[in-house]
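Summary of structural features
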Amino acid sequence: MKTDILIIGTGCSGLYCALHLPQEMQVMLITKSDLESSDSFLAQGGICVLKDDSDYESYFEDTMRAGHYENDRTSVEIMIRSSGQIIQDLLSYGVDFQREKNGNFAYTREGAHSQNRILFHEDLTGREITGKLLGQVRKRPNIRLLQYTEMLDLISENNTCYGAVVRRENAKIEMVRAAVTILAAGGIGGLYKHSTNFRHLTGDAVAVALRHNIDLKDINYIQIHPTTFYTKEDERSFLISESVRGEGAKLYDKNMNRFVDELLP
């Protein structure tokens, strides 16, 4: 198989990327399960946005503090400054965010934020955003979506990537030749016994990147979501949204004592 651009992963990152590529280019997205079994669909709370310039300094400081000041400052600035345009993009794709009675956006708060700057859709923000992005991708004739297609390795020579080796749903192993290959599949939660992630997300892209000496940053940092419904079963845990704590929920230990700041990063 051949394509101009190969995107490995069909969550928010992969879909949003595909929609911003030139439509005269052939784009292929692959996912090792079905299209709705990405962790992007499971996100509940919301998406943060710069409401106006007066919030910039606070937003920047909140972000740096949450990253123990190890963040790349330029990347943080790009993230914050571009957030408004990204929201406009999402609105143009049909994403529906909660609004007040007067029609203005409703904002909530989540961990590490000192202000309410989180846009949300009920408690299904990830499904709302990712579902609408997927709907737009399906309309593009230049984009091909392959489900149940697992990336096994990258095709590389002399430090240049030429695509990937994949295993199709019928177990057939094929090569996908591409001028550009984008890794948009970083999830590792499926490696853990207790996780809110889908089981098939096992860090394949991270492992392959390490094998090919692709630069990675802070891979020893693992995001742990602190609130789930506990189960003894070896199955995906149900997420209790971060916005629950943002709206004032308290965490108690077995003796009904508070033991932590619920809005820590």
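Structure: above.
Here goes a summary of the coordinates provided. Every chain is numbered independently, its residues counted from 1 as its sequence is written. Residue-level local features of this predicted model are given only where pLDDT is at least 70; pairs of side-chain atoms are given and counted only at 80 or more, and the full residue set underlies all totals for whole chains, interfaces and linings. Side-chain descriptors were evaluated using all non-hydrogen atoms of the structure, hydrogens and water having been removed beforehand.

What follows concerns the packing of aromatic side chains. Only the six-membered ring of Trp is used, alongside the rings of Phe and Tyr, when aromatic pairs are assigned; centres must lie within 6.5 Å, and planes under 30 degrees apart are stacked while those over 60 apart are edge-to-face, with the rest tilted. Under the counting rule described, the total for this entry stands at four aromatic pairs. Judged by centre distance (5.9 Å) and plane angle (35°), the rings of Tyr56 and Phe60 are tilted. In this pair, Tyr56 and Phe60 are both assigned in helix H2 (residues 56-66), four residues apart and thus about one turn of the helix distant. The buried label applies to any residue whose accessible area, calculated with a 1.4 Å probe on protein chains only, is under 20% of its type's maximum; exposed applies above 50%, and partly exposed to all values in between. Overall, the relative accessible area of 9% leaves Phe60 in the buried class. Taking the centre distance of 6.3 Å and the plane angle of 85° together, the rings of Phe97 and Phe105 count as edge-to-face. According to the relative accessible area criterion, Phe105 is buried, its value standing at 19%. The structure contains a cluster of three or more aromatic residues connected by ring pairs, namely Phe97, Phe105 and Tyr107. Numbered from the N terminus, helices here are DSSP runs of H or I no shorter than four residues, and strands are runs of E no shorter than two.

Estimated volume of the second largest pocket: approximately 180 Å³. When contributions to the lining of the second largest pocket are tallied by element, the ones reaching two or more residues are strand E6 (150-157), strand E7 (160-167) and strand E8 (173-183). Definitions used for this entry: grid spacing 1 Å over protein atoms alone; cavity, a set of points where a 1.4 Å probe fits but cannot get out; pocket, an open set with protein on both sides within 12 Å along at least 5 of 7 lines; lining residue, one with an atom within 4 Å of a point. Grid points are joined across faces, edges and corners, and a volume is the space filled by probe spheres set on the points.

The subject of this paragraph is the nonpolar core. In plain words, nonpolar cores are sets of buried Ala, Val, Leu, Ile, Met, Phe, Trp, Tyr and Cys residues tied together by side-chain atoms within 4.5 Å. Judged by nonpolar contacts, the single largest core of 23 residues is most densely connected at Ile7, Val27, Leu29, Ile87, Leu90, Phe97 and Leu133. Ranked by residues supplied to this core, first place goes to helix H4 (residues 125-139) with four residues. Here, residues are in contact when the closest pair of their heavy atoms is within 4.5 Å. Excluding residues that lie within four positions of it along the chain, Ile7 makes contacts with Gly14, Cys17, Ala18, Leu21, Val27, Met28, Leu29, Ile30, Ile182 and Ala184. In terms of nonpolar packing, the next biggest core, distinct from the first, is built from 13 residues, Met28, Val166, Val176 and Ala205 among them.

For the rest of this paragraph, the subject is the packing of helix H1 (residues 12-19) against H4. In contact at an axis separation of 9 Å, H1 and H4 are set at 35° when each is read in the N-to-C sense. Read as a crossing pair, H1 and H4 show a hand that is left-handed. Contact residues: H1 offers Cys12, Leu15, Tyr16 and Leu19, while H4 offers Ile129, Thr130, Leu133, Leu134, Gln136 and Val137. Polarity classes work like this: nonpolar for Ala, Val, Leu, Ile, Met, Phe, Trp, Tyr, Cys and Pro, charged for Asp, Glu, Lys and Arg, and polar for all others, with Gly in that last group. Residue composition of the contact of H1 with H4, grouped by class: eight nonpolar, two polar and no charged. The axes used here are C-alpha line fits, helices contributing only the stretch in contact, and every angle between their N-to-C directions lies in the interval 0 to 180 degrees. By convention, the crossing between two helices is left-handed when the near helix turns anticlockwise from the far helix through less than a right angle, and right-handed when the turn is clockwise.

Along the chain, Ala209 falls in helix H5 (residues 204-211). Those residues within four positions of Ala209 in sequence are excluded, and the remaining contacts are Leu183, Ile214 and Leu216.

Moving on to helix H3 (residues 73-92). Spacing of three or four residues puts side chains on the same side of an α-helix, whose turn is 3.6 residues. An expected span of 1.5 Å times one less than the residue number is assigned to each helix. The terminal C-alpha atoms of H3, which comprises 20 residues, lie 29 Å apart, in line with the 28 Å expected from a rise of 1.5 Å per residue. At Ser83, H3 shows its maximal bend, which comes to roughly 45°. What H3 keeps buried is the set Val76, Ile80, Ser83, Ile87, Asp89 and Leu90. Close packing links the buried residues of H3 with H1, strand E3 (47-48), H2, strand E4 (118-119) and H4. By the N-cap criterion, in which a side-chain oxygen at the helix start approaches the backbone nitrogen of a residue two or three places on, H3 is capped by Asp72, the distance to Thr74 being 3.1 Å. A positive backbone phi angle near 100° is found at Gly94, which sits one or two residues after H3. At every residue, the bend is computed as the angle between two fitted axes, covering the seven residues ending there and the seven beginning there respectively. Identification of polar contacts relies on pairs of N or O atoms within 3.5 Å, with a donor-acceptor requirement for protein atoms, meaning one able to donate a hydrogen and the other able to accept it, and with residues adjacent in sequence counted only if both atoms are side-chain atoms.

Across residues other than glycine, the phi torsion is negative in most instances, and most of the peptide bonds are trans. Phi is positive for Ala112, which is not a glycine, with a value near 80°. Note that Ala112 resides in the loop between H3 and E4. Look at Ala112 and you get buried, because its relative accessible area is 15%. For Tyr148, which is not glycine, the phi torsion reads 50° and is therefore positive.

A separate point is the environment of Met175. Residue position: Met175 is located in strand E8. Separated by 20 residues in sequence, Met175 and Ile155 have C-alpha atoms that sit 8.1 Å apart. Each residue touching Met175, except ones within four places of it in the same chain, is listed here: Met1, Ile155, Ala164 and Val165.

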